[in-house]
Structure formats: C-alpha cells, structure tokens
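Observations on the model geometry
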Amino acid sequence: MSITERNLEDDLIEKLQDLKYEYRPDICDRDSIEANFRKKFESLNGITLSDNEFQRLLSQITTADVYTAAASLRNQETFIREDGFPLNYTLVDIKDWCKNSFEVINQLWVNTQNSHHRYDVILLINGVPVVQVELKALGISPKRAMEQISRYKKDSGNGYTNSLLCFVQLFIVTNYADTYYFTNNNEKYFSFDAHEQFLPVYQFAGRDNRKITELHEFADRFLAKCTLGEMIGKYMVLIASERKLLMMRPYQIYAVKSIVDCIDQNCGNGYIWHTTGSGKTPTSFKAATLLKFNTLKRLLTPIRSDQTRWRGIIDALA
C-alpha cells in the first residue's frame, strides 16, 4: 500500500474531525493563529483586550523556556491592563480540560527573523498549540521526523522560542504504521544520544501492554479530546528541580488510574511492585496528588455558604 505524506495528512485530519475536532484551514500563518488565540483567550476570561494589551500579553507569555511555558499553561497568571488593574487569567480551562475548544490545523507557516518553517499538523486547545504531528510516508522511518523537529528547534530564532509554538507540549511522529510521541523540552533534555537514539520516546499501549502503533487506533486511544486533555493536564509531570517535562509511561498511567479508582471505591489496601527504574516513585506521587485533590473536593462539596471562597481554594490546589 502506497501512502504519501499528503495522503496521511488528509487522512489524519479526517480522523480528527470524526473525533469532533474543528478543522480550521483558515489558520495557516502566524497572524491567523494569534488572532484565533486572542478570540479564545477573551472568551475564556470574559474580557476584551485592546490591540496594545494583546501585543503585551503575547510578549509576556512567549518564552524560549519550555518549562516556563508549560507551567503557565497550567496555572492562573496575572496581566496588568492599561488601566493599571491586574487581570487574573488562564490560557485554557484547567479545571475541566474537556470543556476547552479543540481544533486541528495543517501546513502552518511560521516565519521569524531567522527561520521559515512549515508544520504538518498541529492540535490547538483553546487556541494554544499543544501538539505537533509530523508525518512521513509509509516505509520511511519516523526517526526522520524526529530529526526534522530537532533541527527546527536548533535554528536560531525558531517558532518554538518566538511564537505561540512555545506552548507545544507533545510531538507525535508517524508513518501510519508506526507512531511515537515524546515531550517538548529545553535543549538539555532534547537531543539524540551517541547511538543516534532520541530519548525518551514512547509508544502508546493498552492495559494489556499491547503496543498501539497504527495511526487510526492511536488517535482513537490517545487523541480523543478528553483523553488528550487528561494526558496533558494530569499525566505530564513538570519537574521543577530540573525544569523538565516528563510524560508518564502508559503502564504508569493505568497504575495511577487503578489506585485512584480503588481508593474511591474503598477497595482496601494494595501495593506497587516493579523493577528498579520503572517509575514507581512518580507513579506514587501522581496518585497521591490526584487523591488529595479528589478528597478535598469531596470534603468541600457540602460547604456552599461561601462558594466563591471555597472555589478559589480548590482552583489554587488543582
């Protein structure tokens, strides 16, 4: 079967539309992606920005530091408006990622002072580019796409440092038959090793540890809107001490879900057993974090006499 990059791109966009993404062929350059982001930002935060305020906001949130961008995507931030009053804002609905707008764009051109790059497929959450998909024809190794992304990121003044693309959290590379994904990171954690292996790179898997590599099945299992929001919002870990992004491996995600379900259903005690280096510590940490938040929500649910106050506390701990 002969599948070209263009065939694969069209097929993926059709699949994402089946998954209820909105296809936006009108978003094809820097101006249009920024205009779309502005519309989504103003709607989410219930405000209207002047042109000057929007340009200052873009300047404030655009950063070459991947860790800083990832943190601001997940936090409530503050912006000083022209009248001197602070605006507390979020870039996406961090309380319920499913309620965000999910869009797909393709063949985006981002021209900066020193680079002119085109990106195959990008997924937007509330107008923010969070996932980039690079495609290769069937029979060509996805490693070629990894090399291309790495080369783009090394170009001086590239879009990942000078545009909204600084918010990209995940890269997906595929030739239809083989699909891999990996996190965006600063240069220290984003390179090939001496054996020309790009680390860490993941293949998704089911609960039975069966690899899910074919693009359509991967999209169904990983790119469904709520699932993708959950992957980014819950199962990516920001390591402050190293200023590094880490994606939990599939078996870690299933372990966390099982722990949380077990506690919620009061099924008793259990234990985690695995080999050294398998990721037991981050699994336990993530499970404890989610359980703490779930418990707090249950404890505060009956308290409705001061909803604004308690909602602020919950949001701050989310």
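First, a word on scope: everything that follows refers to the structure included in this document.

Rules of the game
- Residues numbered from 1 in each chain as written.
- Predicted model: local features only at pLDDT ≥ 70, side-chain atom pairs only at ≥ 80, totals over all residues.
- Heavy atoms only, no water.
- Helix = DSSP H or I, 4+ residues; strand = E, 2+ residues; numbered from the N terminus.
- Buried < 20%, exposed > 50% of the residue type's maximum accessible area, 1.4 Å probe, protein only.
- Contact = heavy atoms within 4.5 Å.
- Areas by Shrake-Rupley, 256 points an atom, 1.4 Å probe, with all protein chains shown as cover.
- Pairing = 2+ DSSP bridges.
- Core = buried A, V, L, I, M, F, W, Y, C linked by side-chain atoms within 4.5 Å.
- Disulfide = S-S within 2.5 Å.

With that settled, the discussion passes to the overall build of the protein chain. A tally of regular secondary structure across the protein chain gives 11 helices and 10 strands. Burial status across the protein chain gives 48% buried among its 318 residues. Within the protein chain, contacts between residues separated by at least 24 positions form 63% of all contacts whose residues are at least 6 apart in sequence. Accessible surface, the protein chain: about 15,900 Å² in total, of which carbon and sulfur atoms supply 49%.

Bringing the environment of Lys143 into the picture now. Along the chain, the position of Lys143 falls in helix H5 (residues 143–154). Taking the relative accessible area as the measure of exposure, Lys143 reaches 29% and is therefore partly exposed.

Turning our attention to the pairing of strand S9 (residues 236–239). Relative to strand S10 (residues 244–247), S9 runs antiparallel, the two being bridged by four bridges. Each residue of the ladder has a partner; that of Ile239, found in S10, is Lys244.

What follows covers unusual backbone geometry. Here the phi dihedral of Asn126 falls at roughly 55 degrees; this positive angle occurs in a residue that is not glycine. By the element assignment, Asn126 lies in the loop between strand S5 (116–125) and strand S6 (128–135). The phi torsion at Asn209 lies on the positive side, around 70 degrees, for a residue other than glycine. You can see Asn209 is positioned in the loop between strand S8 (179–183) and helix H7 (215–223).

Counting buried residues in strand S7 (residues 170–174) gives five out of five residues, a clear majority hidden from the surface. Side chains Leu170, Ile172 and Thr174 of S7 all project onto a buried face; the interleaved residues Phe171 and Val173 project onto the opposite face, where all are buried too. Taken together, the five bridges between S6 and S7 define a ladder with parallel strand orientation. By the bridge assignment, Glu134 is partnered in S7 with Val173. The pairing of S7 with S8 spans five bridges and is classified as antiparallel. Bridge pairing links Phe171 to Phe182 in S8. Hairpin connection, S7 to S8: the antiparallel pair is bridged by four residues, and Tyr176 has positive phi, about 85 degrees.

Ranked by internal contacts, the top residues of the largest apolar core, which has 67 residues, are Phe37 and Leu223. What Phe37 contacts, discounting residues up to four positions off in sequence, is Phe54, Leu57, Leu58, Ile61, Leu91, Asn126, Gly127, Val128 and Leu164. Counting 19 residues, the second-largest nonpolar core is a separate cluster that includes Tyr119, Ala145, Ile149 and Phe190.

With that settled, consider the state of the cysteines. This structure, assessed with the given rule, holds one disulfide. Residue Cys98 pairs covalently with Cys226 via a disulfide, S to S 2.1 Å. On the criterion of sequence distance, the pair formed by Cys98 in the loop between strand S3 (86–89) and strand S4 (102–111) and Cys226 in helix H8 (residues 225–233) is long-range, its members being 128 residues apart.

We now examine helix H4 (residues 66–74). Of all nine residues making up H4, eight are buried, and the element is well covered by its neighbours. Val66, Tyr67, Ala69, Ala70, Ala71, Ser72, Leu73 and Arg74 are the residues of H4 that are buried. Elements in contact with the buried residues of H4: strand S2 (77–80), S6, H5, H8, S9 and S10.

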